[in-house]
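# Descriptive analysis of the structure
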Amino acid sequence: MARSLTLKSTKQLLSGYEIPILGYGVYQTPTNVAEDVTVEALRLGYRHIDSAAAYKNEKEVSAAITKAGLPRSEVFLTTKIPPAATGYDAARQSIEDSLKKAQTEYFDLILIHAPFGGKEGRLGSWRALVEAQKAGKTRSIGVSNFGVHHLEELEEYIKSGGGGQIAVGQYEIHPWLARSELVAWLEKRGAVIQAYCPIVRNQRGDEPVLKELGKKYGKTAAQVLIRWSLQKGLVPLPKSVTPARIRENAEVFDFELDEGDMAKLQTDKYEPCAWDPTVNQD
Ligand SMILES: NC(=O)c1ccc[n+]([C@@H]2O[C@H](COP(=O)([O-])OP(=O)(O)OC[C@H]3O[C@@H](n4cnc5c(N)ncnc54)[C@H](OP(=O)(O)O)[C@@H]3O)[C@@H](O)[C@H]2O)c1
């Protein structure tokens, strides 16, 4: 039941591990503030950090776990193999580099950041991930920005002996890009879906529907959007470097959008605010 969700709620992944349902995004979080803002998020109760090699702050966000006085095992830490490291050898190296930078024995989740590099590149990266998981360097593995055609290519490889399980799919998802086909594909296979840009990078605050619902529930546009994501069964990853907003984005467990209001947020639009590698055809 959505109503009973809390900041401590988790979902079980196909790997058997638990993932906290609200993540803290750190894309474009500058190195010089990354440690402090992540400590702030952890202090407020977030237990899930969405990092990536490409964000260049793995060292700082991981250091924040220790600085916050938390054992590594209490925080779900994600990284991603960047597009520049596609393919078996480069992906293997990228995983080692990330472990070193974050000074951690393991990640909770490593994703392929985007489906670039052609079939050989994608499947080579996946092979490196499967090996890393077997070696205990990551607990779960998954993909980000893969279109259904990329997912089907990967599924065929997995079934024909490549192995591994797509535990997580990470995508830009919000009411103006609900991605129902992709979500259905992944849900059917038991994968957990993370929503990036869950507050549409703060570009939709003036939408009449957000103003109306914000007023009705006494919540901000960002809170309505994060709540929408949670009630859709997604794992939203809002990013902020502003302490008041970090707190605001976690204060989404004391209200519930009713069915009619969830329906009002169904726009059937396809309007990404970030990149959209799902449509990549190589
Ligand atoms: N896999 C991928 O390809 C991919 C792509 C994009 C993002 N991501 C992940 O998803 C996370 C979130 O996506 P995102 O950072 O692009 O977008 P987002 O979380 O939708 O929006 C972040 C922006 O909204 C502002 N903001 C945060 N909370 C707010 C609030 N309560 N009220 C008003 N404005 C607020 C932030 O400003 P301040 O920081 O200045 O407060 C920042 O400018 C990323 O950090 C990253 O971890 C993954």
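To be clear, the structure that these remarks concern was listed above.
One structure accompanies this document, and this report is about it. (Residues numbered from 1 in each chain as written. Predicted model: local features only at pLDDT ≥ 70, side-chain atom pairs only at ≥ 80, totals over all residues. Heavy atoms only, no water.)

Buried residues of helix α6 (residues 180-188): L182, V183, W185 and L186, and no others. Across the axial projection of α6, the buried residues extend over an arc of 160°, all falling on one side. Structural note: α6 exposes S180, E181 and K188 on the side pointing more than 90 degrees away from its buried face. Each element contacted by the buried residues of α6 is listed here: α5 (148-162), β8 (168-172) and β9 (192-196). Of the residues flanking the end of α6, it is G190, one or two places downstream, whose phi is positive at about 85°. (Buried < 20%, exposed > 50% of the residue type's maximum accessible area, 1.4 Å probe, protein only. Helix = DSSP H or I, 4+ residues; strand = E, 2+ residues; numbered from the N terminus. Arc of directions from axis to C-beta. Contact = heavy atoms within 4.5 Å.)

Residues in close proximity to the ligand total 28 residues, the closest being D50, R201, K239, S240 and T242. Side-chain polar atom of T242 to an oxygen atom of the ligand: 2.6 Å apart, as the coordinates give it. Its free accessible area being 910 Å², the ligand has 89% of it covered by the protein chains. Using a 2 Å cut-off from the grid points, one finds that the ligand occupies the largest pocket. Here the element with the most residues in the shell around the ligand is helix α9 (residues 243-250); it accounts for 3 residues. (Near = heavy atom within 4 Å. Polar contact = N/O pair within 3.5 Å; in protein donor to acceptor, adjacent residues only side chain to side chain. Areas by Shrake-Rupley, 256 points an atom, 1.4 Å probe, with all protein chains shown as cover. 1 Å grid on protein atoms, 1.4 Å probe; cavity = no way out; pocket = protein on both sides within 12 Å on 5 of 7 lines; lining within 4 Å. Sits in = over half its atoms within 2 Å of the grid points.)

On to unusual backbone geometry. Positive phi, close to 60°, is recorded for K56, a residue that is not glycine. Take K56: it is sitting in the loop between β4 (48-50) and α2 (58-67). Of note in this structure, D268 is not a glycine but carries a positive phi near 60°. Along the polypeptide, D268 turns up in the segment after α10 (259-264). Classification of D268 by relative accessible area gives exposed; the value is 67%.

This brings us to the packing of α2 against helix α3 (residues 88-102). In contact at an axis separation of 7 Å, α2 and α3 are set at 45° when each is read in the N-to-C sense. Classified by the angle their axes make, α2 and α3 are oblique. In this structure, α2 uses E58, K59 and S62 to contact α3, whose residues at the interface are S98, K101 and A102. Considered class by class, the residues forming the contact of α2 with α3 number 1 nonpolar, 2 polar and 3 charged. (Axes fitted to C-alpha atoms, helices over the stretch in contact; angles between N-to-C directions. Parallel < 35°, antiparallel > 145°, perpendicular 65-115°, else oblique. Nonpolar A, V, L, I, M, F, W, Y, C, P; charged D, E, K, R; others polar.)

Any functional reading would require information beyond the geometric quantities listed.
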